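# Working through the structure, step by step
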Amino acid sequence: MASASADSRPAGADETARPSGKRRTTGEPAAPQESVAQRPAAAPGPAAPGSISPRPAPQVPTAPKRRAGRSGSLTRLLWTLPPIAVLGLVFLYPLYLVVEQSFHPDEGGTSLAPYREVFASEAFREALWTTVWIAVGATVGCLILGFVLALIIAFVPFPGGKAVAKFIDVFLSFPSFLITLALLFIYGTVGMANGVWTDATGAASGPFDFLTTPWGVLLAEITYFTPFVMRPLLAAFSGLDTAQLEAASSLGARPARIIRQVILPEALPALAAGGSLVLVMCLNEFGIVLFTGAKGVTTLPMLVYSEAILESDYPAACVVAVVNIAISVSLFGLYRVVVARTGRGATSTLSKGASRVGA
Amino acid sequence: MSRQSAPSSGIRFERVSVAYGKRGGLGARGANGTYTALDSFDLTVEPGEVMALLGPSGSGKTTALRAVAGFVQPVSGRVLIGDRDVTALPPHRRGIGMVVQQYALFPHMRVEQNVAFGLKAQRVPRGEIAGRVAEALEMTGMAAYARRYPRELSGGQQQRVAIARALAIRPGVLLLDEPLSALDAQLRSGMLAELARLHRELPDVSILYVTHDQVEALTLADRIAVLDKARLQDCGTPQDLYRRPRTEFTASFVGNANLLPVSVGTGGVRFAGTELAVATVDVMPGADAILCVRPHLVGLGEGENTLRGTIAEVQWRGSTHRLFVDVAGHRVKADVRELRETPALGAAVALHFAAHDAVLLPAGTGQAATGPVAGETDAEAAASTPSVTAVVGAISVAKGAGGDIDG
Amino acid sequence: MLVHSRTGRWATWIVFFALFLPLFALPLLVIVAASFSTHWSGAFPSGPTTEHYGAAVRGESLEALTTSLITALTASVLALAVGTWAALAAAALRRRGKRVVDALFMLPVAVPSVVVGLAVLVAFSKPPMLLNGTRWIVILAHGVLVTAFAYQSVSAAVTRLDPAYEQAAASLGARPWLVLWRVKLPLLLPSLNAAAGLCFALSMGELSATMMLYPPDWMPLPVRIFTATDRGSLFTGSAVAVVLMGTTLLVLLAVSRIRTRASYR
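Residues numbered from 1 in each chain as written. Chains lettered and ligands numbered in written order. Predicted model: local features only at pLDDT ≥ 70, side-chain atom pairs only at ≥ 80, totals over all residues. Heavy atoms only, no water.

Per an unreviewed UniProt entry, the recorded name for chain C is 2-aminoethylphosphonate transport system permease protein, and the organism is Streptomyces zagrosensis. In UniProt, chain C has this text filed under Sequence similarities (unreviewed entry): "Belongs to the binding-protein-dependent transport system permease family." (UniProt positions renumbered as here; feature names shortened; annotations may be inferred.)

Looking at an unreviewed UniProt entry, one finds chain B named ABC-type quaternary amine transporter, with Streptomyces zagrosensis as its source organism.

See below:
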């Protein structure tokens with residue numbers, strides 16, 4: 001054992017002396033081979049361009065830093081007040097006014113009369129029903145379509161897949177009513193689809209005549225909102241370990257089985273999050289319905305608009321608005337819960353990985 | 001306040017306890033959902049001393065360092081830097097230098113801007129900044145890279161810049177949080193030497209060095225504080241801890257010793273029916289104890305103390321062979337110089353060790369350490385075989401502390 | 001790879017494009033095609049012309065374009081300022097406080113835009129805050145609507161920001177405002193950029209609240225498209241829509257081209 005330590009001692013001493021001595025004499029800081037050979041070690045985390053901090057937080061929870069100092073926490077609270085005050089002035093207070101006005105009929109006083117009136121009207125009940133079934137239908141459609149398309153992009157990759165994903169991002173940045181405008185040209189009475197039909201069969205008019213019905217709105221909403229489902233799904237799929245799929249298929253599982261047992265469980269949180277978001281957005285959708293321009297399709301947002309702007313019946317508009325807010329906000333709360341659940345799951349796996357690397 | 005020429009100042013922990021909120025963690029979980037990351041921690045780092053905090057992950061060592069930096073607030077106790085109670089001070093007023101595992105260089109600043117950042121923050125006169133940046137970069141050998149961005153540097157180079165940045169503000173206290181663990185093994189030993197050199201050049205700076213790597217701690221530290229389960233387990237010079245560990249945990253975590261359960265007789269101990277001689281018996285006769293023998297001090301063949309068993313596993317580690325020998329149901333590790341012929345599994349062998357190489361520990365001191373942690377260090381030791389033994393030998397010579405510690 | 005056989009893969013791709021092209025690509029193509037045509041009766045448009053673009057970049061439409069640009073720009077800047085401030089302040093709060101601020105700033109996403117329009121209309125139609133009839137009521141509503149998105153993306157970026165940076169800065173003696181100004185904000189810049197692009201695009205396409213609020217002299221592009229198509233001039237409407245899409249894309253492209261030093265890593 002004595003020789004073991006004797007053997008390695010000079011080597012260790014050399015190591016200590018050489019790099020620093022060389023450095024001083026040549027003035028060439030780090031040995032050049034280090035900068036080349038150690039390149040892979042240079043970026044310890046995967047450095048995605050555009051991401052701020054590719055490295056996850058260090059293993060120690062960051063919570064404690066927020067605990068420092070009681071007076072500090074008061075200061076922090078004070079700093080949040082200015083933006084909240086702005087929000088309160090331009091949004092929360094106006095929202096309160098809407099609720100308040102819904103209890104003030106034009107005749108004056110405070111009563112539930114506007115609610116009774118609105119709830120009694122056939123138009124409101126129909127609008128409520130139309131809104132809900134279109135929203136639910138569109139959500140289901142988006143989920144199915146979005147799942148299938150995202151599945152293919154992620155797991156049956158093709159050369160243009162990246163471009164398609166990019167296109168979806170661009171698609172999301174356009175306003176919704178453009179879809180209705182486009183559908184007019186495609187499925188309108190003199191549009192593309194009917195044109196192809198009449199050209200092919202020689203008939204006087206084509207079979208497509210659904211644009212001014214709720215089905216037209218449904219189609220437009222499915223088209224417009226499907227990318228909102230695809231995006232979180234693609235993100236979830238990219239986190240899925242392909243080794244899992246390979247392992248499953250090497251064990252002889254067929255695609256349908258892999259989808260059901262491996263991919264679907266992984267995608268469920270994203271599906272739930274995307275689905276509930278789309279449901280809220282469909283409930284609130286206005287542009288598509290407005291551009292459809294059909295008297296037969298009235299949704300809650302449309303009713304708010306027509307009561308307020310066309311009829312100038314503000315209390316009624318406010319009542320409808322309150323109902324619409326109640327539905328959407330509660331659904332949105334649900335969405336936030338879903339996202340918080342899945343999000344926390346995601347970060348916990350992330351920090352788990354980090355602590356494994358770090359400690 | 002002139003922090004520029006910080007007088008050498010030590011660090012003192014006075015019964016420091018840190019508890020975290022409900023978020024998960026590895027420490028002991030308390031009744032109200034919090035868990036204690038550091039429990040009544042007492043430690044004094046002398047001015048100019050290098051103190052390593054050594055322990056497995058979750059032992060509280062990083063928490064202790066962050067309590068000095070001000071990133072965690074103790075629930076009780078005080079932290080002093082020099083004579084100053086800094087417990088309630090925000091981090092930016094503590095006058096410390098800190099280097100962390102992931103470097104945390106500002107990616108949007110050039111190397112020189114990174115190093116100058118602290119000087120500007122402390123309002124060092126403009127004319128002085130350039131000189132001090134150059135000085136710090138010179139000291140860490142990064143002067144030629146001043147105009148680069150961190151992303152253009154290798155891991156080792158980034159770490160040098162991080163050290164230069166911390167040193168530029170001339171702190172009295174330097175905190176190093178696993179500074180080498182993001183580097184690969186080869187680079188690590190180079191940086192270790194570099195850190196030792198830096199400390200020789202700056203003898204007044206007190207260094208608190210957090211690591212889970214015993215080799216780093218043994219190489220660099222004047223003293224090592226061993227932590228486990230949020231508590232200080234042991235503290236002493238490297239030689240002291242290595243040769244005369246006071247707890248089972250230290251014995252297994254530092255250097256991965258053989259720990260044999262023995263019963264104490266008068267003048268010797270009894271292990272699995274065999275009488276063994278030990279140099280000093282400071283445990284009550286009749287009590288149970290743990291006999292600690294370093295694997296490299298166990299040899300093949302008969303000797304002063306002989307153990308007989310069968311070979312269970314043999315690992316070839318280049319210059320040495322590690323033998324795992326089953327002795328009466330206990331596995332004894334022996335590191336022997338490379339054997340001409342690899343012994344066959346199941347072969348009967350005799351092992352021996354000298355009486356003065358064995359240390360007797362009272363039983364029941366930090367037993368958890370023999371579990372997975374021991375396995376972990378085993379793996380680490382395998383990765384850098386000759387290290388621990390060599391390092392201890394080397395530093396005993398280097399520091400002139402060699403001598404007869406074993407007494 | 002889920003499908004291993006060659007034919008299986010091709011079949012899958014065919015299904016994909018059979019769904020994808022008519023649903024997503026065709027609508028945009030059709031609008032572009034229509035903007036260059038005078039007639040559309042039958043399978044394909046006829047009478048190629050560029051005269052709609054002449055109309056789309058002149059007079060009323062040009063005015064609508066500048067209106068939209070100014071509205072989107074102002075609203076985005078305001079939203080970004082408020083959203084960033086709120087996100088940074090909220091990140092420093094404890095968990096419960098952060099959750100409250102989160103909920104408050106995400107509320108405008110949940111509330112239907114039409115209702116936001118109605119609320120702003122109700123609140124700002126009487127003194128002392130009489131904005132109804134001015135451009136400011138439109139800008140204000142847009143600001144409210146996009147603030148939620150600005151807050152959300154900045155907030156996510158702040159959470160992702162490695163605390164090691166600010167801790168390193170603090171350990172070097174930097175006071176909190178210096179940490180914010182020289183470390184945190186520069187590191188957040190790429191996300192602020194992205195958030196700005198998002199806000200701008202959303203504001204450019206905003207129709208619901210705008211329909212409730214716009215005064216006659218402040219008519220943004222989407223309203224212009226609606227009035228055009230409502231009058232039956234579908235082709236002019238398409239040309240204006242293409243201008244809208246083009247402008248949005250250009251701005252998004254420009255924003256994505258802005259590379260800050262922090263975005264390289």
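Okay, back to it.
This brings us to the pairing of strand β18 (residues 320–327) of chain B. All names here are of chain B. In terms of burial, β18 is largely enclosed, as seven of its eight residues are buried. In this structure, strand β17 (residues 305–317) lies alongside β18, joined through seven bridges in antiparallel fashion. Following the sheet pairing, valine 314 is matched in β18 by leucine 323. The turn linking β17 back onto β18 is made up of two residues, and glycine 318 within it adopts a positive phi angle of 80°. The pairing of β18 with strand β19 (residues 330–337) spans eight bridges and is classified as antiparallel. Bridge assignment links phenylalanine 324 to a residue of β19, and that residue is lysine 333. The hairpin formed by β18 and β19 contains two residues between the paired strands, and alanine 328 there has a positive phi angle of roughly 50°. (Buried < 20%, exposed > 50% of the residue type's maximum accessible area, 1.4 Å probe, protein only. Helix = DSSP H or I, 4+ residues; strand = E, 2+ residues; numbered from the N terminus. Pairing = 2+ DSSP bridges.)

Attention shifts here to the domain arrangement of chain B. Its domain assignment divides chain B into domain 1 (11–95 + 171–243) and domain 2 (256–362). Of note, the centres of domain 1 of chain B and domain 2 of chain B, computed from C-alpha atoms alone, are 34 Å apart. (Domains from an automatic or database assignment.)

Another aspect to go through is the UniProt feature "domain: ABC transmembrane type-1" (unreviewed entry) in chain C. Listed under "domain: ABC transmembrane type-1" (unreviewed entry) in the UniProt record, and renumbered for this structure, are residues 65–255 of chain C. A helix fraction of 82% and a strand fraction of 0% characterise residues 65–255 of chain C, whose end C-alpha atoms lie 19 Å from each other.

Further remarks concern the pattern of salt bridges. Between side chains of opposite charge, a pair can form as their charged atoms come close. Residues and elements named next belong to chain B. Enumeration over the complete set of coordinates arrives at 25 salt bridges over all chains. Between aspartate 85 and arginine 78 there is a salt bridge, and its shortest N-O distance comes to 3.4 Å. A salt bridge links glutamate 194 to arginine 160, with the shortest nitrogen-to-oxygen separation between them at 2.8 Å. On the criterion of sequence distance, the pair formed by glutamate 194 in helix α5 (residues 185–201) and arginine 160 in helix α4 (residues 155–168) is long-range, its members being 34 residues apart. Each member of the pair, glutamate 194 as well as arginine 160, is classed as buried. Several salt bridges converge on common partners, so that one network encompasses Arg12, Glu14, Arg78 and Asp85. (Salt bridge = Lys/Arg side-chain N within 4 Å of Asp/Glu carboxyl O.)

Inspection of every chain in the model, using the stated rule, returns 33 aromatic pairs over all chains. Ring centres of phenylalanine 155 of chain A and phenylalanine 237 of chain A lie 5.0 Å apart, and the angle between their planes is 55°; on these two criteria the pair is classed as tilted. Of this pair, phenylalanine 155 of chain A sits in helix α7 (residues 122–155) while phenylalanine 237 of chain A sits in helix α11 (residues 214–239), placing them 82 residues apart in sequence. You'll find phenylalanine 155 of chain A and phenylalanine 237 of chain A in the same group, each marked buried. By way of ring pairs, the aromatic residues Phe158, Phe167, Phe171, Tyr224, Phe225 and Phe228 of chain A together with Trp10, Trp13, Phe16, Phe17, Phe20 and Phe24 of chain C are connected into one cluster. One Lys or Arg, arginine 165 of chain B, reaches over the ring of phenylalanine 106 of chain B and ends 4.6 Å from the middle of that ring. For the cation-ring pair, arginine 294 of chain B lies above tyrosine 242 of chain B, with the distance from its terminal atom to the ring centre recorded as 4.2 Å. (Phe/Tyr/Trp six-rings, centres within 6.5 Å; stacked < 30°, edge-to-face > 60°. Lys NZ or Arg CZ within 6 Å of the ring centre and 35° of its normal.)

A separate point is the sheet that holds strand β8 (residues 173–177) of chain B. As a general point, the strands of a sheet are linked pairwise by backbone hydrogen bonds and lie either parallel or antiparallel. Residues and elements named next belong to chain B. Reading across from one edge, β7-β8-β9-β4-β10-β11 is the order of the six strands in this open sheet, with mixed pairing throughout. Taken across any chain shown, the strands that pair with only one partner, and hence form the sheet edges, are β7 (96–100) and β11 (231–236). Averaged over all pairs of adjacent strands, the angle between strand axes in this sheet comes to 15°, irrespective of strand direction. In this sheet, strand β10 (residues 223–228) lies alongside strand β4 (residues 50–54) in parallel orientation, the contact comprising four bridges. Considered in β10, the bridge of alanine 52 is made with isoleucine 224. (Axes fitted to C-alpha atoms, helices over the stretch in contact; angles between N-to-C directions.)

Residue and element names in this part refer to chain C. Of all nine residues in helix α7 (residues 163–171), nine are buried; the element is thus mostly enclosed. Along α7, the residues that are buried comprise Pro163, Ala164, Tyr165, Glu166, Gln167, Ala168, Ala169, Ala170 and Ser171. Measuring from the backbone nitrogen of alanine 164 back to the side-chain oxygen at the start of α7 gives 2.9 Å, which picks out aspartate 162 as the cap. Directly beyond the C-terminal end of α7, a positive phi value near 100° is found at glycine 173. (Polar contact = N/O pair within 3.5 Å; in protein donor to acceptor, adjacent residues only side chain to side chain.)

This brings us to the nonpolar core. Taken as a class, soluble globular proteins show a tendency for nonpolar side chains to be buried jointly. In this structure, Leu233, Phe237 and Ile263 of chain A together with Leu118 of chain C are the most contacted members of the largest nonpolar core, which totals 175 residues. If sequence neighbours within four positions are ignored, leucine 233 of chain A has contacts with Gly146, Phe147, Ala150, Ala267, Ala270 and Leu271 of chain A. Core analysis: the second largest hydrophobic core is formed by 100 residues, Phe13, Val72, Tyr145 and Met191 of chain B among them. (Core = buried A, V, L, I, M, F, W, Y, C linked by side-chain atoms within 4.5 Å. Contact = heavy atoms within 4.5 Å.)

Moving on: the interface of chain A and chain C. Between chain A and chain C, the residue contacts involve 96 residues of the former and 93 residues of the latter. When chain A packs against chain C, the two sides together hide about 8300 Å² of surface, and 81% of this comes from carbon and sulfur. Put simply, chain A and chain C have zero salt bridges between them. When residues in the side of chain A that touches chain C are grouped by element, the largest group, 21 residues, is from helix α5 (residues 70–101) of chain A. Residue composition of the side of chain A that touches chain C, grouped by class: 73 nonpolar, 16 polar and seven charged. (Buried area = accessible area lost by both parts, 1.4 Å probe. Nonpolar A, V, L, I, M, F, W, Y, C, P; charged D, E, K, R; others polar.)

Listed as interface residues are 26 residues of chain B and, on the opposing side, 23 residues of chain C. In terms of surface lost to chain C, no three residues of chain B exceed His92, His108 and Phe117 of chain B, which account for 27% of the buried area on that side. The interface formed by chain B and chain C includes zero salt bridges. Across the chain B-chain C interface, the total number found is five residue pairs in polar contact (both at pLDDT 80 or more). Mapped onto the side of chain B that touches chain C, the elements with two or more residues apiece are β7, α2 (111–121) and α4 of chain B.

To continue, consider the pairing of β10 of chain B. Taking burial as the measure, the six residues of β10 of chain B include five buried ones, the bulk of the element. Connecting the antiparallel pair β10 of chain B and β11 of chain B is a turn made up of two residues, with lysine 229 of chain B showing a positive phi of about 50°.

This part covers the confidence of the model for chain B. Predicted coordinates in areas of low pLDDT are best not read in detail. Per-residue confidence for chain B gives a mean pLDDT of 82, with 84% of residues at or over 70. Across residues 366–389 of chain B the pLDDT falls below 50, and counting only partners more than four positions away or on other chains, this stretch makes 36 contacts in the model. (pLDDT = per-residue confidence, 0-100.)

In an α-helix, one turn spans 3.6 residues; hence positions three or four apart end up facing the same way. All names here are of chain C. End to end, helix α6 (residues 135–160) covers 37 Å across 26 residues, agreeing with the expected 38 Å (1.5 Å per residue, within 8%). Of all the bends found along α6, the most pronounced is centred on valine 146 and spans about 35°. The N-capping residue of α6, defined by a side-chain oxygen 3.2 Å from the backbone nitrogen of tryptophan 136, is threonine 134. (Expected span 1.5 Å × (residues − 1). Bend = angle between axes of the 7 residues up to and from the residue.)

Residue and element names in this part refer to chain A. A contiguous nonpolar surface patch, about 360 Å² in accessible area, is contributed by Val132, Val136, Val140, Ile144 and Val148. Mapped onto the elements, valine 136 comes out in helix α7. For valine 136, a relative accessible area of 41% corresponds to the partly exposed category. (Patch = residues over 30% accessible without salt bridge, like charges linked within 9 Å, V, L, I, M, F, W, Y side chains within 5 Å. Areas by Shrake-Rupley, 256 points an atom, 1.4 Å probe, with all protein chains shown as cover.)

Moving on to unusual backbone geometry. Residues and elements named next belong to chain B. For lysine 229, which is not glycine, the phi dihedral falls at a positive 50°. For lysine 229, the location among the structural elements is in the loop between β10 and β11. Classification of lysine 229 as exposed rests on a relative accessible area of 54%. Unusually for a residue other than glycine, alanine 328 sits at a positive phi of about 50°. Along the chain, the position of alanine 328 falls in the loop between β18 and β19.

This next bit is on the side chain of serine 176 of chain A. Residues and elements named next belong to chain A. As for its position among the elements, serine 176 is in the loop between α8 (161–172) and α9 (177–187). Assessed through its relative accessible area of 9%, serine 176 is described here as buried. Dropping the residues within four chain positions of it, serine 176 is found in contact with Tyr224, Glu285, Gly287 and Ile288.

Turning to the sheet that holds strand β12 (residues 258–264) of chain B, a few remarks are in order. All names here are of chain B. Read across the open sheet, the five strands follow the order β14-β13-β12-β15-β21; overall the sheet is antiparallel. Both edges of this open sheet fall to β14 (274–277) and β21 (359–362), since each of them pairs with a single strand only. The average angle at which neighbouring strand axes cross in this sheet is 45°, direction not considered. Sheet analysis places β12 next to strand β15 (residues 288–293), joined by six bridges and oriented antiparallel. Bridging across to β15, serine 263 finds its partner in aspartate 288.

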